[in-house]
Amino acid sequence: MTQASTQRSTIILRTISLSFFAISLGLLAWVGATLYLGKSPTGEKALIGGAFTATTHRGEQVSDKDFLGKYSLVYFGYTFCPDVCPGELQIISAAMDLSGETAKKITPLFFSVDPTRDTPEVLADYVPHFHDDMVGLTGTKEQMAKAAKTYRVYYAKAPDDAVPGGYLMDHSSLIYLMDPRGEYVRHFNYGTMPEEIAAALQEIIQ
Ligand code: NI
């Protein structure tokens, strides 16, 4: 091997190892980004949503499996909520109404973060005011805590002497779109307008 060809192979080797280094860095960044967005590196399994059991506002015992086969719009809140929850549930209902045929492929789910007060009877008086297809879900404190945990929903009791029952519930207010396999597709932030949600649903759901 001449000196020139040795130099050339060294450069080639250096280029190859640099390329590997760059690819590894890219891969790391990609894994980091997908994890940050709530998806596993394979992009197949979401870290939002999962197994739950609950009682519906019609008194049926259900699990996450009962809602597979259709998309779900998932929201956590409570019926005593003075403003945020009724507003968001109205937005979900309006988005359903704007979605036409697409809405037939979606079930809106309303999980209670206040199962002590939100019995199935209380939900039965509340949920149908919003949308015929909406399913209210409650259960034991443990069941609702587990459901909230799978969706990474935060909630906490906030004592307030001025309201009946003596407390409100602080809670996060996101609307999750789950696919027919129960996997996370995207979420809508608090205050997203029904038109925007409906447009996104039309685009995602064929
Ligand atoms: Ni609320």
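Scroll up to find the structure.
Procedures and definitions
Residues numbered from 1 in each chain as written. Predicted model: local features only at pLDDT ≥ 70, side-chain atom pairs only at ≥ 80, totals over all residues. Heavy atoms only, no water. Donors = N, O, S within 2.8 Å, 3.2 Å for Na, K, Ca; no water. Buried < 20%, exposed > 50% of the residue type's maximum accessible area, 1.4 Å probe, protein only. Helix = DSSP H or I, 4+ residues; strand = E, 2+ residues; numbered from the N terminus. Arc of directions from axis to C-beta. Contact = heavy atoms within 4.5 Å. Axes fitted to C-alpha atoms, helices over the stretch in contact; angles between N-to-C directions. Parallel < 35°, antiparallel > 145°, perpendicular 65-115°, else oblique. Left-handed = near helix turned anticlockwise from the far one by under 90°. Salt bridge = Lys/Arg side-chain N within 4 Å of Asp/Glu carboxyl O. Pairing = 2+ DSSP bridges.

1. Observations concerning the coordination of the nickel ion
Coordination sphere of the nickel ion, protein contribution only: Cys81 (SG), Cys85 (SG) and His171 (NE2), at 2.0 to 2.2 Å. Counting gaps between the donor residues of the nickel ion yields the pattern C-x3-C-x85-H. Judged by its relative accessible area of 8%, Cys81 falls in the buried class. Relative accessible area serves as the criterion here: at 0%, Cys85 is assigned to the buried category.

2. Here's the deal with helix α4 (residues 141-150)
Looking only at α4, the buried set comprises Met144, Ala147, Ala148 and Thr150. Burial along α4 is one-sided: seen end-on, the buried residues are contained in an arc of 160 degrees. Turned more than 90 degrees from where α4 packs its buried face, Lys141, Glu142 and Lys149 sit exposed. Lining the buried residues of α4 we find β1 (53-56), β3 (71-77), β4 (106-112), β5 (135-138) and β6 (155-159). Just beyond α4, the residue with positive phi is Arg152, at close to 55 degrees.

3. Describing the packing of helix α2 (residues 84-98) against helix α5 (residues 194-204)
Running from amino to carboxyl end, α2 crosses α5 at an angle of 50 degrees, the nearest separation of the two axes being 8 Å. When the axes of α2 and α5 are compared, the pair comes out oblique. Between α2 and α5 lies a crossing of right-handed hand. Counted together, Ile91, Ala94, Ala95 and Leu98 of α2 and Pro194, Glu195, Ile197, Ala198 and Gln202 of α5 form the full contact between these two elements.

4. Side note on the pattern of salt bridges
The full count for this structure, using the stated rule, is four salt bridges. A salt bridge links Lys104 to Glu101, with the nearest nitrogen and oxygen atoms 3.0 Å apart. With its nearest N and O atoms 3.4 Å apart, the salt bridge here joins Arg181 to Glu183. Arg181 sits in the exposed class, given a relative accessible area of 60%. Taken together, the shared-partner salt bridges in this structure form one network comprising Asp179, Arg181 and Glu183.

5. Quick word on the sheet that holds β4
Read from one edge to the other, the open sheet built from seven strands follows the order β2-β1-β5-β4-β3-β8-β9, with strand pairing classed as mixed. Strands at the two margins of the open sheet, each flanked by one partner only, are β2 (61-63) and β9 (184-188). Across the sheet, the mean angle separating the axes of adjacent strands is 35 degrees when strand polarity is ignored. Where β4 and β5 come together, three bridges link them in parallel fashion. Paired with Phe111 across the two strands is Leu137, which belongs to β5. Contacts from α2 reach β3, β4 and β8 (175-178), with the element oriented near 165 degrees to β3.

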